[in-house]
Every structure is written in structure tokens, then in C-alpha cells.
Amino acid sequence: MTLVDSPFKSLPTYTNRRTQKRMDEVLKDANESINDTLFSVVTNDFLETMCPVSATVVDNIFEILKERGLYDATTSCWVKLNEIRNEAGIYEPFTEIANTIVDLVSNKITNIVYVPRPNKPPKSLIDTMAAGRPDGAGAQPDDKWDSLLKKIASAEAAYEEAHRTTTQIGEKRKQRAEQEIEKLEKRKRKHLLSTYKLWWMCIHIIYEIKLSRTETERFKAANQALAYMRQVLMEQLDRRFVMGFTLLLDQLSVILCDRSGAVMTSEVIDINKHPKKLIQLIAGFSMMTPEQLGWDTSMKIYRPLPNEHPDEPDVNPSYQVATKLQVDHGIYNIHWVFDVEQGGNTTQYVSVATISAIRSAEI
């Protein structure tokens with residue numbers, strides 16, 4: 001496939017000369033947005049419409065979570081979340097629950113890894129991006145994460161194979177496989193908590209966590225989540241809407257935000273009393289297509305490779321290649337490929353440069 005007939009020409013560097021926006025300004029804008037454009041939607045209707053996961057899938061995942069000790073059916077609670085004493089203590093246990101649910105989804109469509117980052121802003125291609133710090137995000141896995149998952153799957157397969165062998169050799173192989181799995185799990189945890197680089201452009205889902213269940217904290221969490229969603233839309237020019245949620249210890253609310261406003265579920269979900277609702281939500285996100293998650297799949301990033309396969313340019317969704325872009329490249333110098341339907345046919349066009357993205361989070 002050839003996207004351009006003429007050779008690629010280098011471009012002058014375009015920069016956005018605005019001063020960096022302060023986070024309190026972004027939160028103020030989100031607060032005004034809540035007052036003017038936030039609407040409520042019936043919780044069950046939203047889940048069944050946006051995250052329609054079969055009861056069989058949810059039940060199977062739930063049984064495994066109970067077997068692994070993540071949920072205690074006797075006390076009706078997520079075990080590690082029930083031991084929380086401060087907000088900082090909730091991030092890692094929730095991340096473990098969410099990523100375990102994702103791992104147990106057998107028919108994933110979109111790869112998502114849940115990353116806690118309450119103390120560090122995501123990396124941005126916009127030099128004026130406010131330093132927003134969402135408590136966590138469901139993001140595109142990086143190459144290292146995918147590699148670790150493959151190694152763990154291989155070690156688990158080796159363990160199962162050794163488990164079927166009753167000989168002394170089989171027992172030694174099983175012990176080696178157990179040690180390998182334990183080592184890889186530690187590496188995976190370390191990567192998730194510290195070395196994984198979170199980019200605004202790679203975020204699929206935003207979430208915000210609070211410890212208190214008061215209405216004041218619920219409003220504060222929603223305000224912060226909406227502010228971060230607007231930052232996602234500012235960076236992701238190929239995004240139509242963003243979904244996310246707030247969690248007040250064990251009370252979950254779901255939010256969908258686009259460039260005209262937002263909707264939020266009207267009734268909170270008690271994830272201890274209704275653990276399958278949390279499973280439905282987290283599993284549902286991974287079982288959605290990129291379009292269902294809000295991505296505009298008619299737009300992709302074009303990275304010219306002048307000396308390598310000129311007839312096969314590097315064209316991929318932004319969330320798959322954002323980590324390969326240079327920060328100083330800037331959002332204004334990205335080349336986009338657009339699919340435009342004309343008379344029943346689809347024609348592809350390549351952009352030269354972005355003229356302005358100042359109001360990219362708004363219509």
C-alpha cells in the first residue's frame with residue numbers, strides 16, 4: 001500500500017507557544033463542566049449497554065478470584081481492600097485485582113494494563129500540558145509487560161507439564177517452574193509500579209480513588225477524573241470519548257466524557273456486595289473494540305521510513321506507537337493518516353502538520 005506518491009519532505013518544527021496551564025485551572029474548568037454538562041444515567045442500563053459481558057464469563061472469573069483468595073465470599077469483601085487504612089494503601093491492591101481480572105479474560109480484544117501513578121504525571125507530547133496526576137489508568141501495555149506475560153505463561157505451562165509427572169525429575173521441574181513464576185511475578189510488579197512509562201496518548205481508561213465515601217469526596221473524585229479525561233482528549237486527537245470510574249473505597253461510579261460533556265452513573269456500586277459488577281466493568285473494557293472505547297479508528301499515525309520498505313509505511317493506532325515518538329517531536333508534528341469514505345470507496349490522506357490543537361479537548 002502506497003500512501004504518498006512523492007518522496008517524504010522534512011517539515012519545519014511547529015511549536016505551541018502557550019504558557020503551561022496550571023492544574024488548578026484544569027480542575028476549575030472541569031468543575032464548571034460538571035455544573036453545566038454533566039448528566040446522570042441509570043447504572044445498570046449503562047453497564048449492560050456499554051459493557052455487555054455474559055454472565056458465564058463473569059461467573060467463571062469470579063470463581064477463580066475466590067480460589068486465589070482475592071475475594072472472600074464468607075465476609076463478602078475484596079480481601080486486601082478490606083485492610084486499607086489510608087488512600088495510598090488502596091492503589092496496589094486494586095491494581096492487582098484489576099489486572100488479574102484482565103488476565104482471566106480469554107477473549108480480549110483490546111490489551112489493557114492497569115497502572116497506578118498517583119504521584120507522577122503521565123508523559124506528554126504537549127510541552128504546555130498541565131501536570132495532572134490521575135490515581136491510575138488502564139493503558140496500552142508496553143513491550144516489556146507483554147514479554148513478561150509471555151514468559152509467565154511459558155513458566156506456568158512448564159509447571160502444569162511437570163505437575164502431571166509423578167517422578168522425582170518431574171518434582172524438580174515443578175519446583176524450578178514455581179521459582180521462575182515467583183521471580184517473574186516480582187519483576188512484573190516492579191515494572192508496573194515503577195519502570196512502566198505512562199503516556200497520556202496510551203491511556204484507554206482513567207480512574208480516581210478516594211478513601212472516604214462522603215458526597216463531598218464523590219464530587220471531588222468526579223471533578224478530578226473529568227479533569228484528567230479532558231487532558232486525555234487534549235492529547236488524543238484520535239479519541240471521540242473516554243471512559244473511566246471513581247472508587248470511594250468500595251463505592252464505584254462510572255463516567256463517560258466526550259468533548260461536549262459527560263455522563264455519570266446515578267447509583268454507586270458497592271463492589272464488596274456486588275463484586276460481579278466490578279468484574280463486568282473491568283472485563284468489559286478489555287472485551288471492547290477500540291471504537292467502543294472511544295477511539296477514532298479512521299485516524300492512525302504515519303511514521304515515514306524513507307529507506308525501508310517505501311511501499312509499506314509504518315501506519316498504526318496512536319496508542320501503539322506513542323512510546324516510540326520523541327517528546328520533542330511534539331503533537332504538532334505528527335503525521336496522521338485519515339480514512340475518508342467517498343462514493344462507497346475509502347481513500348487515505350496523509351496530514352502535513354497540525355495547525356492548531358489549542359481547543360482539542362472541546363468541540
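Whatever comes next refers back to the structure up there.
One numbering rule holds for all chains: residues counted from 1, following each sequence as written. Under the rules for a predicted model, residues below a pLDDT of 70 receive no local features and side-chain atom pairs below 80 are neither given nor counted, while totals for whole chains, interfaces and linings still include all residues. As a rule here, side-chain values come from all non-hydrogen atoms in the structure, and water together with hydrogens is ignored.

(A) Representation of the overall build of the protein chain within the structure. In this text, helices come from DSSP runs of H or I with a minimum length of four residues, and strands from runs of E with a minimum of two, each type numbered from the N-terminal end. Regarding its fold elements, the protein chain presents nine helices and 14 strands. Throughout this description, buried means an accessible area under 20% of the type-specific maximum (1.4 Å probe, protein chains only), exposed means over 50%, and partly exposed covers the range between. Burial statistics for the protein chain: of 363 residues in total, 48% are counted as buried. In the protein chain, the share of contacts with a sequence separation of at least 24, taken over all contacts with a separation of at least 6, comes to 72%. In this description, accessible areas are obtained by the Shrake-Rupley approach with a 1.4 Å probe, and a residue is regarded as covered only by the protein chains that are shown. Just so you have it, the protein chain exposes about 18600 Å², and 49% of that area is on carbon and sulfur atoms. Here a residue-residue contact requires only that any non-hydrogen atoms of the pair lie within 4.5 Å.

(B) Examining the sheet that holds strand E13 (residues 335-342) more closely. Two strands qualify as a pair provided DSSP detects at least 2 bridges between them. Read from one edge of the open sheet, four strands run E12-E11-E13-E14, paired in antiparallel fashion. Each edge of the open sheet carries a strand with a single partner, namely strand E12 (314-316) and strand E14 (345-350). Going from strand to strand, the sheet's axes swing by 30° on average, the running direction of each strand aside. Of the strand pairs in this sheet, E13 and E14 are connected by six bridges, and their pairing is antiparallel. Under this scheme, a helix contributes an axis fitted over its contacting stretch, all axes are lines through C-alpha atoms, and angles between N-to-C directions fall in the 0 to 180 degree range.

(C) Spotlight on helix H1 (residues 23-37). Between the first and last C-alpha of H1 there are 20 Å, a value that for 15 residues agrees with the 21 Å anticipated at 1.5 Å per step. Listed in full, the buried residues belonging to H1 are Met23, Val26, Ala30, Ser33 and Ile34. Taken end-on, H1 shows its buried residues confined to a sector of 105°, consistent with a single buried face. Exposed positions of H1 whose direction lies more than 90 degrees from the buried face are Lys28, Asn35 and Asp36. Summarising the contacts, the buried residues of H1 are in contact with strand E1 (38-41) and helix H7 (215-235). One less than the number of residues in a helix, times 1.5 Å, gives the span that helix is expected to have. By arc we mean the arc of the directions from the helix axis to the C-beta atoms, nothing more.

(D) Representation of the packing of helix H2 (residues 43-50) against helix H8 (residues 275-286) within the structure. Between H2 and H8, the shortest axis-to-axis distance is 10 Å and the interhelical angle comes to 40°. Classified by the interaxial angle, the pair formed by H2 and H8 is oblique. Read as a crossing pair, H2 and H8 show a hand that is left-handed. Across the interface between the two elements, Asn44, Leu47 and Glu48 from H2 touch Lys277, Gln280 and Leu281 from H8. The nonpolar class holds Ala, Val, Leu, Ile, Met, Phe, Trp, Tyr, Cys and Pro. Asp, Glu, Lys and Arg form the charged class, and all remaining residues, Gly among them, are polar. Partitioned by chemical class, the residues of the contact of H2 with H8 number two nonpolar, two polar and two charged. Oblique is the label for any angle not covered by the other classes, which are roughly parallel (under 35 degrees), roughly antiparallel (over 145) and roughly perpendicular (65 to 115). Here a crossing is called left-handed whenever its near helix is offset anticlockwise from the far helix by less than a right angle, and right-handed whenever the offset is clockwise.

(E) Expanded view of unusual backbone geometry. The phi torsion at Ser76 lies on the positive side, around 55°, for a residue other than glycine. Along the polypeptide, Ser76 turns up in the loop between strand E2 (71-72) and strand E3 (77-78). Even without being glycine, Leu249 reaches a positive phi, approximately 65°. Among the secondary structure elements, Leu249 is positioned in the loop between strand E7 (241-248) and strand E8 (251-258).

None of the figures reported here should be taken as evidence of function without further support.
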